[in-house]
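Structure at a glance
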Amino acid sequence: MNKFPKNFLWGASSSAYQFEGAINQGGKVPSIMDKFDERKNYPKGITGFKVATDHYNHWKEDVALMAEMGFKSYRFSISWPRIIKNIKGDVNPEGIKFYNDLIDELIKYNIEPVVTIFHFDTPTFIEEIGGLDSNQFSNIFELYAKVLFENYGSKVKYWLTINELNMFAFVGQVIGVISEKSKASKWQIMHNLNVAQAKVIRLCKKMLPNVKIGPAPNISSVYANSNKPEDHLAKLNFDQIRNWIFLDIVCRGEYGTWFKNFLKKIKEEIIITKEEEEILKDSKPDFIAFNYYSTMTVEYVSAQDIKKTLDNKIDQHSGLVIPGVGKTVKNKNLPKTDYGWEIDYVGFRNTLREVYDRYQLPIMITENGIGAKEVLTKDEKIHDNYRIEYYQKHIKAMSEAISDGVEMIGYMPWSAIDLVSTHEGVSKRYGFVYVNRDEFDEKDMKRIRKDSFFWYKELIERNGENI
Ligand code: BG6
(Lines give C-alpha, C1' and ligand atoms only; values in the text may rest on other atoms or scores of the structure.)
Protein backbone atom coordinates (compact mmCIF):
# COMPACT_ATOMS: atom_id res chain seq x y z
CA MET A 1 0.00 0.00 0.00
CA ASN A 2 0.95 3.65 -0.42
CA LYS A 3 3.63 2.69 -2.92
CA PHE A 4 4.88 5.20 -5.42
CA PRO A 5 5.34 3.68 -8.89
CA LYS A 6 8.88 2.61 -9.79
CA ASN A 7 9.39 5.32 -12.41
CA PHE A 8 7.68 8.04 -10.41
CA LEU A 9 8.92 11.47 -11.53
CA TRP A 10 10.25 13.12 -8.38
CA GLY A 11 11.56 16.59 -9.08
CA ALA A 12 10.63 20.26 -8.79
CA SER A 13 9.51 23.24 -10.86
CA SER A 14 10.35 26.73 -12.02
CA SER A 15 9.25 29.22 -14.64
CA ALA A 16 11.48 31.16 -17.02
CA TYR A 17 10.62 34.76 -16.12
CA GLN A 18 10.75 34.11 -12.37
CA PHE A 19 14.08 32.27 -12.49
CA GLU A 20 16.20 33.25 -15.49
CA GLY A 21 16.57 37.04 -15.28
CA ALA A 22 18.91 38.19 -18.09
CA ILE A 23 16.11 40.01 -19.87
CA ASN A 24 18.54 41.67 -22.26
CA GLN A 25 20.87 38.76 -22.83
CA GLY A 26 20.88 36.13 -25.57
CA GLY A 27 18.70 38.04 -28.02
CA LYS A 28 15.58 37.94 -25.83
CA VAL A 29 12.88 40.43 -26.82
CA PRO A 30 10.67 42.13 -24.19
CA SER A 31 7.88 40.31 -22.39
CA ILE A 32 4.93 41.72 -20.49
CA MET A 33 6.78 40.76 -17.28
CA ASP A 34 9.95 42.76 -17.96
CA LYS A 35 8.33 45.99 -16.83
CA PHE A 36 5.69 44.60 -14.49
CA ASP A 37 7.35 46.38 -11.54
CA GLU A 38 6.87 49.72 -13.28
CA ARG A 39 3.09 49.39 -13.36
CA LYS A 40 0.95 51.57 -11.13
CA ASN A 41 -0.57 48.69 -9.19
CA TYR A 42 2.71 46.82 -8.54
CA PRO A 43 3.32 46.61 -4.76
CA LYS A 44 6.10 48.88 -3.48
CA GLY A 45 9.33 47.59 -1.92
CA ILE A 46 9.74 44.41 -3.90
CA THR A 47 11.82 43.50 -6.88
CA GLY A 48 10.61 42.69 -10.40
CA PHE A 49 11.97 40.10 -12.81
CA LYS A 50 14.88 41.78 -14.60
CA VAL A 51 17.55 39.77 -12.81
CA ALA A 52 15.43 37.23 -10.88
CA THR A 53 17.81 34.61 -9.45
CA ASP A 54 19.98 34.68 -12.56
CA HIS A 55 19.43 31.09 -13.65
CA TYR A 56 20.37 32.15 -17.19
CA ASN A 57 23.96 32.57 -16.02
CA HIS A 58 23.92 29.74 -13.44
CA TRP A 59 22.04 27.01 -15.30
CA LYS A 60 24.83 24.40 -15.22
CA GLU A 61 25.37 24.84 -11.49
CA ASP A 62 21.60 24.73 -10.93
CA VAL A 63 21.18 21.49 -12.87
CA ALA A 64 24.09 19.97 -10.94
CA LEU A 65 22.28 20.80 -7.68
CA MET A 66 19.08 19.16 -8.98
CA ALA A 67 21.11 16.08 -9.94
CA GLU A 68 22.68 16.02 -6.47
CA MET A 69 19.17 15.95 -4.98
CA GLY A 70 18.49 12.94 -7.20
CA PHE A 71 15.78 14.57 -9.33
CA LYS A 72 14.12 12.25 -11.84
CA SER A 73 12.42 15.19 -13.54
CA TYR A 74 12.53 18.95 -13.76
CA ARG A 75 9.58 21.06 -14.84
CA PHE A 76 10.55 24.41 -16.33
CA SER A 77 9.06 26.78 -18.86
CA ILE A 78 10.51 28.01 -22.10
CA SER A 79 10.49 31.76 -22.50
CA TRP A 80 8.49 32.55 -25.63
CA PRO A 81 10.25 35.96 -26.08
CA ARG A 82 13.64 34.19 -25.96
CA ILE A 83 12.62 31.93 -28.84
CA ILE A 84 10.56 34.14 -31.15
CA LYS A 85 11.74 37.62 -32.09
CA ASN A 86 8.67 39.24 -33.64
CA ILE A 87 5.10 38.84 -34.82
CA LYS A 88 6.31 37.35 -38.13
CA GLY A 89 7.71 34.44 -36.14
CA ASP A 90 11.46 34.89 -36.76
CA VAL A 91 13.40 32.52 -34.55
CA ASN A 92 16.25 33.51 -32.22
CA PRO A 93 19.01 30.89 -32.60
CA GLU A 94 20.63 31.86 -29.28
CA GLY A 95 17.36 31.16 -27.48
CA ILE A 96 17.03 27.79 -29.20
CA LYS A 97 20.58 26.94 -28.14
CA PHE A 98 20.02 27.94 -24.52
CA TYR A 99 17.20 25.43 -24.03
CA ASN A 100 18.93 22.79 -26.14
CA ASP A 101 21.93 22.99 -23.82
CA LEU A 102 19.69 22.95 -20.74
CA ILE A 103 17.75 19.92 -21.96
CA ASP A 104 20.96 18.06 -22.91
CA GLU A 105 22.43 18.77 -19.49
CA LEU A 106 19.30 17.41 -17.77
CA ILE A 107 19.35 14.29 -19.92
CA LYS A 108 23.05 13.80 -19.11
CA TYR A 109 21.99 13.36 -15.45
CA ASN A 110 18.93 11.22 -16.37
CA ILE A 111 16.56 14.01 -15.38
CA GLU A 112 13.39 13.98 -17.48
CA PRO A 113 12.64 17.47 -18.86
CA VAL A 114 8.98 18.41 -18.37
CA VAL A 115 8.42 21.54 -20.45
CA THR A 116 5.75 24.21 -19.98
CA ILE A 117 5.23 25.94 -23.31
CA PHE A 118 3.85 29.14 -21.80
CA HIS A 119 4.11 30.33 -18.21
CA PHE A 120 2.80 33.91 -18.04
CA ASP A 121 5.56 35.76 -19.99
CA THR A 122 3.70 36.92 -23.11
CA PRO A 123 6.04 38.66 -25.57
CA THR A 124 5.07 42.31 -25.99
CA PHE A 125 4.98 41.93 -29.81
CA ILE A 126 1.68 40.07 -29.30
CA GLU A 127 0.13 43.48 -28.63
CA GLU A 128 0.47 44.15 -32.38
CA ILE A 129 -2.42 41.77 -32.99
CA GLY A 130 -4.38 42.84 -29.89
CA GLY A 131 -2.76 40.55 -27.30
CA LEU A 132 -4.79 37.90 -25.49
CA ASP A 133 -7.99 39.74 -26.44
CA SER A 134 -7.56 38.69 -30.04
CA ASN A 135 -8.82 35.51 -31.66
CA GLN A 136 -5.56 35.59 -33.65
CA PHE A 137 -3.64 34.86 -30.47
CA SER A 138 -4.01 31.10 -30.92
CA ASN A 139 -2.40 31.20 -34.38
CA ILE A 140 0.69 33.00 -33.14
CA PHE A 141 0.89 30.64 -30.17
CA GLU A 142 0.67 27.63 -32.47
CA LEU A 143 3.56 28.93 -34.60
CA TYR A 144 5.68 29.29 -31.48
CA ALA A 145 4.81 25.79 -30.27
CA LYS A 146 5.70 24.37 -33.69
CA VAL A 147 9.22 25.78 -33.31
CA LEU A 148 9.51 24.09 -29.90
CA PHE A 149 8.24 20.74 -31.19
CA GLU A 150 10.64 20.88 -34.16
CA ASN A 151 13.64 21.72 -32.02
CA TYR A 152 13.06 19.73 -28.85
CA GLY A 153 10.44 17.14 -29.82
CA SER A 154 12.94 14.31 -30.06
CA LYS A 155 14.22 14.88 -26.51
CA VAL A 156 11.22 16.06 -24.47
CA LYS A 157 8.62 13.41 -23.64
CA TYR A 158 6.33 15.48 -21.41
CA TRP A 159 4.84 18.80 -22.50
CA LEU A 160 2.54 21.16 -20.61
CA THR A 161 0.46 23.67 -22.55
CA ILE A 162 -0.30 26.82 -20.53
CA ASN A 163 0.44 27.34 -16.86
CA GLU A 164 -2.63 28.16 -14.75
CA LEU A 165 -4.99 29.15 -17.53
CA ASN A 166 -7.64 29.60 -14.83
CA MET A 167 -5.52 32.11 -12.89
CA PHE A 168 -4.95 34.05 -16.13
CA ALA A 169 -8.69 34.57 -16.19
CA PHE A 170 -9.33 35.27 -12.49
CA VAL A 171 -6.32 37.11 -11.11
CA GLY A 172 -4.60 38.12 -14.35
CA GLN A 173 -4.22 41.74 -13.28
CA VAL A 174 -2.74 40.81 -9.88
CA ILE A 175 -0.13 38.45 -11.27
CA GLY A 176 0.58 40.80 -14.14
CA VAL A 177 -0.30 38.56 -17.06
CA ILE A 178 -3.01 40.73 -18.56
CA SER A 179 -1.89 43.83 -20.43
CA GLU A 180 -3.09 47.18 -19.10
CA LYS A 181 -4.45 47.79 -22.60
CA SER A 182 -6.71 44.74 -22.52
CA LYS A 183 -10.43 45.41 -22.97
CA ALA A 184 -11.88 41.94 -23.43
CA SER A 185 -13.84 40.19 -20.68
CA LYS A 186 -12.04 37.56 -18.62
CA TRP A 187 -14.24 34.92 -20.21
CA GLN A 188 -13.21 35.86 -23.73
CA ILE A 189 -9.54 35.81 -22.72
CA MET A 190 -10.10 32.41 -21.13
CA HIS A 191 -11.67 31.17 -24.35
CA ASN A 192 -8.87 32.52 -26.54
CA LEU A 193 -6.37 30.71 -24.32
CA ASN A 194 -8.46 27.53 -24.43
CA VAL A 195 -8.43 27.58 -28.21
CA ALA A 196 -4.67 28.23 -28.21
CA GLN A 197 -4.22 25.28 -25.87
CA ALA A 198 -6.37 23.01 -28.05
CA LYS A 199 -4.49 23.96 -31.22
CA VAL A 200 -1.19 23.13 -29.61
CA ILE A 201 -2.40 19.77 -28.29
CA ARG A 202 -3.66 18.91 -31.78
CA LEU A 203 -0.36 19.98 -33.35
CA CYS A 204 1.64 17.99 -30.82
CA LYS A 205 -0.34 14.83 -31.56
CA LYS A 206 0.26 15.31 -35.27
CA MET A 207 3.96 16.13 -35.10
CA LEU A 208 5.00 13.99 -32.14
CA PRO A 209 2.70 10.99 -31.75
CA ASN A 210 4.95 9.39 -29.14
CA VAL A 211 5.16 12.19 -26.58
CA LYS A 212 2.62 13.16 -23.94
CA ILE A 213 0.95 16.52 -23.46
CA GLY A 214 -1.38 17.91 -20.80
CA PRO A 215 -2.80 21.15 -19.35
CA ALA A 216 -1.48 22.66 -16.09
CA PRO A 217 -4.22 24.64 -14.29
CA ASN A 218 -4.35 25.46 -10.58
CA ILE A 219 -6.94 23.09 -9.09
CA SER A 220 -8.28 22.69 -5.58
CA SER A 221 -11.23 21.22 -3.76
CA VAL A 222 -13.83 23.77 -2.73
CA TYR A 223 -15.53 23.54 0.69
CA ALA A 224 -18.84 25.05 1.72
CA ASN A 225 -18.38 27.26 4.78
CA SER A 226 -21.38 25.67 6.52
CA ASN A 227 -23.96 22.97 5.98
CA LYS A 228 -26.52 25.54 4.81
CA PRO A 229 -27.87 24.33 1.47
CA GLU A 230 -27.15 27.76 -0.06
CA ASP A 231 -23.48 27.43 0.88
CA HIS A 232 -23.40 23.99 -0.71
CA LEU A 233 -24.82 25.51 -3.86
CA ALA A 234 -22.10 28.17 -3.77
CA LYS A 235 -19.55 25.34 -3.43
CA LEU A 236 -20.95 23.51 -6.48
CA ASN A 237 -20.88 26.69 -8.53
CA PHE A 238 -17.35 27.61 -7.44
CA ASP A 239 -16.24 24.07 -8.29
CA GLN A 240 -17.39 24.76 -11.83
CA ILE A 241 -15.96 28.23 -12.17
CA ARG A 242 -12.65 27.66 -10.46
CA ASN A 243 -11.92 24.11 -11.61
CA TRP A 244 -14.17 22.15 -13.90
CA ILE A 245 -14.82 24.56 -16.76
CA PHE A 246 -11.05 24.65 -17.34
CA LEU A 247 -10.64 20.88 -17.29
CA ASP A 248 -13.94 20.06 -19.04
CA ILE A 249 -13.00 22.14 -22.05
CA VAL A 250 -9.70 20.35 -22.52
CA CYS A 251 -10.71 16.81 -21.46
CA ARG A 252 -14.29 16.75 -22.80
CA GLY A 253 -13.99 19.33 -25.59
CA GLU A 254 -16.80 21.65 -24.50
CA TYR A 255 -18.01 23.98 -21.80
CA GLY A 256 -20.59 22.36 -19.54
CA THR A 257 -24.28 23.33 -19.59
CA TRP A 258 -24.15 25.04 -16.19
CA PHE A 259 -21.43 27.39 -17.41
CA LYS A 260 -23.20 28.22 -20.67
CA ASN A 261 -26.34 29.13 -18.71
CA PHE A 262 -24.29 31.10 -16.19
CA LEU A 263 -22.85 33.25 -18.98
CA LYS A 264 -26.35 33.97 -20.27
CA LYS A 265 -27.47 34.90 -16.77
CA ILE A 266 -24.67 37.41 -16.27
CA LYS A 267 -25.15 38.70 -19.83
CA GLU A 268 -21.65 37.79 -20.94
CA GLU A 269 -20.98 36.27 -24.27
CA ILE A 270 -17.99 34.40 -25.58
CA ILE A 271 -17.55 34.37 -29.31
CA ILE A 272 -16.93 30.78 -30.37
CA THR A 273 -16.60 29.98 -34.05
CA LYS A 274 -17.63 26.65 -35.65
CA GLU A 275 -14.00 25.97 -36.47
CA GLU A 276 -13.02 26.56 -32.82
CA GLU A 277 -15.73 24.16 -31.65
CA GLU A 278 -14.24 21.45 -33.84
CA ILE A 279 -10.68 22.14 -32.72
CA LEU A 280 -11.76 21.97 -29.07
CA LYS A 281 -13.42 18.60 -29.65
CA ASP A 282 -10.40 17.25 -31.50
CA SER A 283 -7.62 17.75 -28.96
CA LYS A 284 -7.62 15.62 -25.81
CA PRO A 285 -4.69 15.52 -23.36
CA ASP A 286 -2.77 12.38 -22.32
CA PHE A 287 -2.63 13.34 -18.66
CA ILE A 288 -3.67 16.13 -16.31
CA ALA A 289 -1.01 18.20 -14.62
CA PHE A 290 -2.11 20.63 -11.95
CA ASN A 291 -0.71 23.02 -9.37
CA TYR A 292 -1.98 22.67 -5.83
CA TYR A 293 -1.32 25.04 -2.94
CA SER A 294 -4.50 25.32 -0.95
CA THR A 295 -8.19 24.56 -0.89
CA MET A 296 -10.90 27.20 -1.14
CA THR A 297 -13.81 27.77 1.23
CA VAL A 298 -16.85 29.66 0.02
CA GLU A 299 -20.21 30.92 1.12
CA TYR A 300 -23.24 32.23 -0.61
CA VAL A 301 -23.95 35.95 -0.60
CA SER A 302 -26.65 37.56 -2.63
CA ALA A 303 -25.71 39.84 -5.52
CA GLN A 304 -26.88 42.89 -3.50
CA ASP A 305 -24.83 42.10 -0.40
CA ILE A 306 -21.66 41.20 -2.16
CA LYS A 307 -20.03 44.66 -2.26
CA LYS A 308 -20.21 45.05 1.54
CA THR A 309 -18.41 41.79 2.16
CA LEU A 310 -15.42 41.99 -0.18
CA ASP A 311 -12.16 40.51 1.08
CA ASN A 312 -9.53 43.03 0.01
CA LYS A 313 -6.61 40.64 -0.47
CA ILE A 314 -6.95 39.29 -3.98
CA ASP A 315 -4.57 36.60 -5.19
CA GLN A 316 -4.58 33.02 -6.44
CA HIS A 317 -6.36 31.79 -3.29
CA SER A 318 -8.45 34.56 -1.85
CA GLY A 319 -10.66 37.47 -2.72
CA LEU A 320 -12.59 35.66 -5.44
CA VAL A 321 -16.11 37.06 -5.56
CA ILE A 322 -18.73 36.11 -8.10
CA PRO A 323 -21.94 38.12 -7.86
CA GLY A 324 -24.96 35.91 -7.37
CA VAL A 325 -22.72 32.85 -6.78
CA GLY A 326 -20.73 33.57 -3.64
CA LYS A 327 -17.33 34.54 -2.30
CA THR A 328 -14.27 32.98 -0.73
CA VAL A 329 -13.90 33.10 3.07
CA LYS A 330 -11.19 32.06 5.54
CA ASN A 331 -11.24 28.47 6.74
CA LYS A 332 -10.68 28.57 10.50
CA ASN A 333 -9.67 24.92 10.61
CA LEU A 334 -6.52 25.48 8.59
CA PRO A 335 -3.13 26.94 9.54
CA LYS A 336 -1.57 29.53 7.24
CA THR A 337 1.83 30.26 5.70
CA ASP A 338 3.70 33.52 6.42
CA TYR A 339 1.90 34.90 3.39
CA GLY A 340 -1.60 33.92 4.48
CA TRP A 341 -2.11 30.87 2.23
CA GLU A 342 -4.01 28.11 4.02
CA ILE A 343 -2.21 24.78 4.40
CA ASP A 344 -4.40 21.76 3.69
CA TYR A 345 -2.73 18.42 3.04
CA VAL A 346 -5.95 16.42 3.50
CA GLY A 347 -7.41 18.78 0.91
CA PHE A 348 -4.60 17.67 -1.41
CA ARG A 349 -5.78 14.06 -1.17
CA ASN A 350 -9.39 15.20 -1.67
CA THR A 351 -8.44 17.23 -4.74
CA LEU A 352 -6.51 14.33 -6.31
CA ARG A 353 -9.49 12.07 -5.72
CA GLU A 354 -11.95 14.51 -7.27
CA VAL A 355 -9.87 15.15 -10.39
CA TYR A 356 -9.19 11.46 -10.96
CA ASP A 357 -12.83 10.43 -10.41
CA ARG A 358 -14.03 13.02 -12.87
CA TYR A 359 -11.57 12.48 -15.75
CA GLN A 360 -9.81 9.14 -15.14
CA LEU A 361 -6.53 10.40 -16.53
CA PRO A 362 -3.09 10.00 -14.92
CA ILE A 363 -2.08 13.00 -12.80
CA MET A 364 1.16 14.91 -12.48
CA ILE A 365 1.62 17.57 -9.81
CA THR A 366 3.50 20.49 -11.30
CA GLU A 367 3.44 22.84 -8.29
CA ASN A 368 2.91 22.60 -4.54
CA GLY A 369 4.95 24.36 -1.88
CA ILE A 370 5.30 26.90 0.88
CA GLY A 371 6.45 30.50 0.45
CA ALA A 372 8.41 31.72 3.47
CA LYS A 373 10.63 34.58 4.59
CA GLU A 374 14.09 33.15 5.25
CA VAL A 375 17.32 34.58 6.62
CA LEU A 376 20.71 32.85 6.53
CA THR A 377 22.19 31.86 9.88
CA LYS A 378 25.74 33.03 10.68
CA ASP A 379 27.12 29.73 9.40
CA GLU A 380 25.13 30.11 6.15
CA LYS A 381 22.30 27.66 6.78
CA ILE A 382 18.54 27.70 6.33
CA HIS A 383 16.74 25.51 8.83
CA ASP A 384 13.43 25.21 7.00
CA ASN A 385 11.69 22.58 9.16
CA TYR A 386 8.30 24.08 8.23
CA ARG A 387 9.00 23.24 4.57
CA ILE A 388 10.02 19.69 5.46
CA GLU A 389 6.84 19.29 7.50
CA TYR A 390 4.75 20.79 4.68
CA TYR A 391 6.19 18.40 2.10
CA GLN A 392 6.11 15.40 4.41
CA LYS A 393 2.38 15.86 5.00
CA HIS A 394 1.53 16.57 1.36
CA ILE A 395 3.56 13.63 0.06
CA LYS A 396 1.90 11.34 2.61
CA ALA A 397 -1.50 12.61 1.47
CA MET A 398 -0.47 11.89 -2.12
CA SER A 399 0.58 8.35 -1.18
CA GLU A 400 -2.85 7.91 0.44
CA ALA A 401 -4.51 9.12 -2.74
CA ILE A 402 -2.50 6.45 -4.60
CA SER A 403 -3.89 3.80 -2.24
CA ASP A 404 -7.35 5.25 -2.89
CA GLY A 405 -6.74 4.38 -6.55
CA VAL A 406 -5.47 7.62 -8.09
CA GLU A 407 -2.95 7.09 -10.88
CA MET A 408 0.03 9.40 -10.34
CA ILE A 409 2.96 10.08 -12.68
CA GLY A 410 5.04 12.60 -10.79
CA TYR A 411 5.47 15.32 -8.21
CA MET A 412 7.31 18.53 -9.05
CA PRO A 413 6.81 21.04 -6.23
CA TRP A 414 7.51 24.77 -6.37
CA SER A 415 10.31 25.48 -6.55
CA ALA A 416 13.60 23.75 -7.23
CA ILE A 417 15.68 26.80 -6.30
CA ASP A 418 14.62 30.21 -4.91
CA LEU A 419 13.09 32.50 -7.51
CA VAL A 420 10.90 35.61 -7.60
CA SER A 421 7.23 35.29 -6.61
CA THR A 422 4.58 36.47 -9.07
CA HIS A 423 3.74 39.58 -7.03
CA GLU A 424 5.40 39.26 -3.60
CA GLY A 425 9.10 39.61 -4.39
CA VAL A 426 12.14 37.39 -3.89
CA SER A 427 11.74 37.35 -0.10
CA LYS A 428 8.86 34.93 -0.55
CA ARG A 429 11.14 31.94 -0.93
CA TYR A 430 10.06 28.52 -2.13
CA GLY A 431 13.24 26.64 -3.07
CA PHE A 432 15.21 23.68 -1.72
CA VAL A 433 18.20 25.89 -2.48
CA TYR A 434 18.61 29.42 -1.13
CA VAL A 435 19.86 32.12 -3.49
CA ASN A 436 21.86 34.84 -1.81
CA ARG A 437 20.17 38.05 -2.91
CA ASP A 438 17.67 40.47 -1.35
CA GLU A 439 14.89 42.50 -2.87
CA PHE A 440 17.18 45.20 -4.25
CA ASP A 441 20.68 43.99 -3.37
CA GLU A 442 21.71 41.35 -5.86
CA LYS A 443 24.72 40.28 -3.76
CA ASP A 444 26.61 37.25 -5.10
CA MET A 445 23.67 34.96 -6.05
CA LYS A 446 25.44 32.14 -4.22
CA ARG A 447 23.45 28.89 -4.12
CA ILE A 448 23.12 27.42 -0.59
CA ARG A 449 21.51 24.08 0.20
CA LYS A 450 18.64 24.38 2.74
CA ASP A 451 17.86 21.60 5.25
CA SER A 452 14.95 20.56 3.02
CA PHE A 453 17.47 19.86 0.22
CA PHE A 454 18.96 16.95 2.20
CA TRP A 455 15.54 15.72 3.36
CA TYR A 456 14.13 15.64 -0.19
CA LYS A 457 17.27 13.92 -1.52
CA GLU A 458 16.78 11.11 0.96
CA LEU A 459 13.07 10.85 0.23
CA ILE A 460 13.78 10.48 -3.50
CA GLU A 461 16.44 7.83 -2.79
CA ARG A 462 13.78 5.79 -0.91
CA ASN A 463 11.17 6.49 -3.62
CA GLY A 464 8.94 8.01 -0.95
CA GLU A 465 8.77 4.85 1.15
CA ASN A 466 8.04 5.17 4.90
CA ILE A 467 6.74 8.68 4.45
C1 BG6 B 1 1.44 29.71 -9.16
C2 BG6 B 1 2.26 30.09 -10.36
O3 BG6 B 1 0.28 30.51 -9.15
O4 BG6 B 1 1.95 29.86 -7.90
C5 BG6 B 1 3.71 30.40 -10.08
O6 BG6 B 1 2.17 29.12 -11.37
C7 BG6 B 1 3.81 31.11 -8.76
O8 BG6 B 1 4.22 31.13 -11.14
C9 BG6 B 1 3.31 30.18 -7.66
O10 BG6 B 1 5.07 31.60 -8.45
C11 BG6 B 1 3.40 30.77 -6.28
O12 BG6 B 1 2.71 31.97 -6.24
P13 BG6 B 1 3.38 33.34 -5.80
O14 BG6 B 1 2.37 34.36 -6.08
O15 BG6 B 1 3.71 33.17 -4.37
O16 BG6 B 1 4.62 33.49 -6.63
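This report concerns the structure included in the present document. (Residues numbered from 1 in each chain as written. Predicted model: local features only at pLDDT ≥ 70, side-chain atom pairs only at ≥ 80, totals over all residues. Heavy atoms only, no water.)

Focus on the nonpolar core
Grouped together as the largest cluster of nonpolar side chains are 143 residues, with contacts concentrated most on Trp159 and Tyr456. Discounting residues that sit within four places of it in the chain, tyrosine 456 has contacts with Trp10, Gly11, Met69, Phe71, Ile395, Tyr411, Pro413 and Phe432. Listed in part, the 10 residues of the second largest apolar core include Ala216, Ala289, Ile409 and Met412. (Core = buried A, V, L, I, M, F, W, Y, C linked by side-chain atoms within 4.5 Å. Buried < 20%, exposed > 50% of the residue type's maximum accessible area, 1.4 Å probe, protein only. Contact = heavy atoms within 4.5 Å.)

Quick look at the site of the ligand
Surrounding the ligand, one finds 16 residues, the nearest of these being Gln18, Glu164, Thr422, Lys428 and Tyr430. Here lysine 428 contributes a side-chain N or O atom positioned 2.6 Å from an oxygen atom of the ligand. Considering the ligand on its own, with 380 Å² of exposed area, one finds that the protein chains cover 100% of that surface. Partitioning the shell around the ligand into residue classes produces 5 nonpolar, 8 polar and 3 charged. (Near = heavy atom within 4 Å. Polar contact = N/O pair within 3.5 Å; in protein donor to acceptor, adjacent residues only side chain to side chain. Areas by Shrake-Rupley, 256 points an atom, 1.4 Å probe, with all protein chains shown as cover. Nonpolar A, V, L, I, M, F, W, Y, C, P; charged D, E, K, R; others polar.)

Comments concerning the packing of aromatic side chains
Applying the stated rule across the entire model yields 44 aromatic pairs. Both rings, one in phenylalanine 36 and one in phenylalanine 49, keep their centres 6.3 Å apart while their planes meet at 10°; by these two values the pair is stacked. Of this pair, phenylalanine 36 sits in the loop between helix 1 (16–19) and helix 2 (59–68) while phenylalanine 49 sits in the loop between helix 1 and helix 2, placing them 13 residues apart in sequence. You'll find phenylalanine 36 and phenylalanine 49 in the same group, each marked buried. Consider the rings of phenylalanine 432 and tyrosine 456, whose centres lie 4.5 Å apart with planes at 0°: the pair is stacked. Of this pair, phenylalanine 432 sits in the loop between strand 12 (408–411) and strand 13 (433–435) while tyrosine 456 is found in helix 13 (residues 451–461), placing the two residues 24 residues apart along the sequence. Looking at phenylalanine 432, the relative accessible area reads 0%, which means it is buried. Through a chain of ring-to-ring contacts, three or more aromatic side chains come together here, namely Tyr17, Phe36, Tyr42, Phe49, Trp80, Phe118, Phe120, Phe137, Phe141, Tyr144 and Phe168. The side chain of lysine 428 reaches across the aromatic face of tryptophan 341, ending 4.0 Å from its centre. (Phe/Tyr/Trp six-rings, centres within 6.5 Å; stacked < 30°, edge-to-face > 60°. Helix = DSSP H or I, 4+ residues; strand = E, 2+ residues; numbered from the N terminus. Lys NZ or Arg CZ within 6 Å of the ring centre and 35° of its normal.)

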